[in-house]
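Structural characterization, general
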Amino acid sequence: MSDHDTHASGALDLNLLRTFLAVHRLGSFTAAARQLGLSQSTVTTQIRALENRLGRELFERRAQGVTPLPHADELATRLSAPLDQLAVITGEEPSSAVAPVHLAGPAEFMSVAGLKVLAPLIAQGVRLRVAIGLAEPLLEELRAGRHDLVVATRRPRGRTLHVELLADEEFVLVAAPAWAERLKGQELPTALESSPLITYAEDLPIARRYWRHVFDRRLHAQAAITVPDLRSVLTAVTAGAGWSVLPSYLCRSELASGALRLLHQPEDPPINTAYLVQRPGSSTNPHVTLVREHLLAAAKIWGAT
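Residues numbered from 1 in each chain as written. Predicted model: local features only at pLDDT ≥ 70, side-chain atom pairs only at ≥ 80, totals over all residues. Heavy atoms only, no water.

Regarding the layout of surface pockets
Put simply, the largest pocket is a space of about 650 Å³. Taken together, 30 residues make up the lining of the largest pocket; nearest its centre are Pro 106, Glu 108, Thr 153, Glu 169 and Asn 272. When residues of the lining of the largest pocket are traced back to their parent elements, those giving at least two are helix H5 (107-118), helix H6 (135-143), strand E5 (149-152), strand E6 (162-175), helix H9 (205-215) and strand E11 (271-278). Counting residues per element, the lining of the largest pocket draws most heavily on E6, at four residues. (1 Å grid on protein atoms, 1.4 Å probe; cavity = no way out; pocket = protein on both sides within 12 Å on 5 of 7 lines; lining within 4 Å. Points joined across faces, edges and corners; volume = space filled by probe spheres on them. Helix = DSSP H or I, 4+ residues; strand = E, 2+ residues; numbered from the N terminus.)

If you want it as structure tokens, here you go:
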């Protein structure tokens, strides 16, 4: 411990550091108390004592466990190897429990692709705590230490986060078979603008982007249905409510089964890039690396139609 880390003189009690590392790894005061053979109140008191000694909070208290703040991650990185080595020397076993992986991203991605890929890891002892939201708030929470990994649909600004390309998702213009037959032979952009549009938001962000990129014109249309969840948009389009523009990974099975049809197949479809983002430096949790590697490996097929 360096001088600037402490707000009091004298040796720092190793028990405080052992308790801190157990809480960091397990993500819970209760679980740490159980593992250490202490009462929960003792663990709480020791963590508060360490926070007072360091002059900063280490964990964000939540209804279900705690989330390490950035300084806690840095401290755990410095303490893990020395304390585990000390446990071996003294005949104690280092903690075998691994903290949950805090993963965050868009609801549609997590529901359709992410959790399907990660489900087999549960049998290997991986525990997931999944948060849903928009890119900007999730990235701010990542900076604050609330998540280990974030799937973001935009690249973060600056260099405070480590960013990896996850996948390019292709946007496709789709409708149910009845609408596809009705539109056959018509001049597509004009015919669609007078047909029911099902969309994510009132300002038609995905459809407008498709029109600019593919048809090189502005989209003049009003939404028949707006719903802020692309899975619900898919449901409405498949049910025959109208047409929409959707990520290909979201409607791949419907296109394969014939429940939906492609209305247009441009040579250069618009794409949206997804990124996998984490804080710089190696995580002390090996399961974070495992989740990251599985997502990156599986992402190679998500952008294909």
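Here the narrative resumes, following the displayed structure.
What about the packing of helix H1 (residues 14-26) against helix H3 (residues 40-54)?
Close contact between H1 and H3 brings their axes to 9 Å; oriented N to C, the two are set at 110°. As judged from the angle between their axes, H1 and H3 are roughly perpendicular. Note on element contacts: H3 touches H1 through Val 43, Gln 46, Ile 47, Ala 49 and Leu 50, opposite Asn 15, Leu 16, Leu 17, Thr 19, Phe 20 and Val 23. Looking at the contact of H1 with H3 residue by residue, the class counts come to eight nonpolar, three polar and no charged. (Axes fitted to C-alpha atoms, helices over the stretch in contact; angles between N-to-C directions. Parallel < 35°, antiparallel > 145°, perpendicular 65-115°, else oblique. Contact = heavy atoms within 4.5 Å. Nonpolar A, V, L, I, M, F, W, Y, C, P; charged D, E, K, R; others polar.)

Overview of a nonpolar patch on the surface
A surface patch of nonpolar side chains, amounting to about 230 Å² of accessible area, comprises Leu 115, Val 130 and Ile 132. One can find Val 130 in strand E4 (residues 128-132). (Patch = residues over 30% accessible without salt bridge, like charges linked within 9 Å, V, L, I, M, F, W, Y side chains within 5 Å. Areas by Shrake-Rupley, 256 points an atom, 1.4 Å probe, with all protein chains shown as cover. Salt bridge = Lys/Arg side-chain N within 4 Å of Asp/Glu carboxyl O.)

Quick word on the packing of aromatic side chains
Taken as a whole and assessed by the stated rule, the structure comprises six aromatic pairs. A ring pair is formed by Phe 29 and Phe 59, whose centres lie 6.3 Å apart and whose planes are at 90°; its orientation type is edge-to-face. You can see Phe 29 sitting in helix H2 (residues 29-36) and its partner Phe 59 sitting in strand E1 (residues 59-61), a full 30 residues away along the chain. Comparing Phe 29 with Phe 59 shows no difference in burial state: the two are buried. Here Tyr 210 and Trp 211 contribute two aromatic rings whose centre-to-centre distance is 6.2 Å and whose plane-to-plane angle is 50°, an arrangement assigned as tilted. (Phe/Tyr/Trp six-rings, centres within 6.5 Å; stacked < 30°, edge-to-face > 60°. Buried < 20%, exposed > 50% of the residue type's maximum accessible area, 1.4 Å probe, protein only.)

Quick look at unusual backbone geometry
The phi angle at Leu 204 is positive, at roughly 55°, despite the residue not being glycine. You can see Leu 204 is positioned in the loop between strand E7 (197-199) and H9. Residue classification places Leu 204 among the buried positions, given a relative accessible area of 4%. We note that Asp 216 has phi near 55°; this positive angle belongs to a residue other than glycine.

What about empty space enclosed by the protein?
If you walk through the whole model with that rule in mind, you get one cavity of 30 Å³ or more. Volume-wise, the largest cavity comes out at about 50 Å³. Lining the largest cavity are Leu 197, Ile 198, Thr 199, Tyr 200, Ile 206, Ala 207, Leu 230, Val 233, Ser 244 and Val 245. Elements supplying a minimum of two residues to the lining of the largest cavity: E7, H9, helix H10 (230-238) and strand E9 (243-247). Of the residues belonging to the lining of the largest cavity, the class tally is eight nonpolar, two polar and no charged.

A short note on a positive patch on the surface
On the surface, Arg 208, Arg 209, Arg 212 and Arg 218 cluster together into a patch of positive charge. Residue position: Arg 212 is located in helix H9. We classify Arg 212 as partly exposed; its relative accessible area is 46%. (Lys, Arg positive; Asp, Glu negative; His and termini not counted. Charge placed at Lys NZ, Arg CZ, Asp CG, Glu CD.)

Points about the pairing of E11
For E11, a buried count of six out of eight residues is recorded, marking the element as mostly surrounded by other parts of the structure. Pairing of E5 with E11 involves three bridges; the strand directions are antiparallel. Following the sheet pairing, Val 151 is matched in E11 by Leu 276. Where E6 and E11 come together, eight bridges link them in antiparallel fashion. In the sheet register, Glu 164 faces E11, and the bridge partner there is Leu 276. (Pairing = 2+ DSSP bridges.)

Considerations on the environment of Pro 100
Tracing the backbone shows Pro 100 in the loop between helix H4 (70-89) and strand E3 (101-105). C-alpha of Pro 100 to C-alpha of Asn 285: the two residues are 185 residues apart in sequence and 8.5 Å apart in space.

Let's talk about the nonpolar core
Counting residues in each nonpolar core, the largest one holds 56 residues, and the members touching the most others are Leu 173, Trp 243 and Val 291. In terms of residue count, E6 provides more of this core than any other element does, seven residues in total. Setting aside residues no more than four positions away along its own chain, Leu 173 makes contact with Leu 188, Leu 192, Tyr 210, Trp 211, Phe 215, Trp 243, Ser 244, Val 245, Arg 261, Leu 262, Leu 263 and His 264. Core analysis: the second largest hydrophobic core is formed by 23 residues, Leu 16, Ile 47, Leu 50 and Val 66 among them. (Core = buried A, V, L, I, M, F, W, Y, C linked by side-chain atoms within 4.5 Å.)

Quick notes on the side chain of Asp 148
For Asp 148, the position within the fold is in the loop between H6 and E5. This buried residue, Asp 148, is left without a salt bridge; Arg 279 holds the nearest opposite charge, at 4.4 Å. In terms of polar contacts, Asp 148 uses its side chain to reach the backbone amide nitrogen of His 102, at 2.7 Å. Not counting the four nearest positions on each side in its chain, Asp 148 is found in contact with Pro 100, Val 101, His 102, Leu 142, Val 277, Gln 278, Arg 279 and Val 288. (Polar contact = N/O pair within 3.5 Å; in protein donor to acceptor, adjacent residues only side chain to side chain.)

Interpretation note: all reported values are geometric properties and have no functional meaning in isolation.
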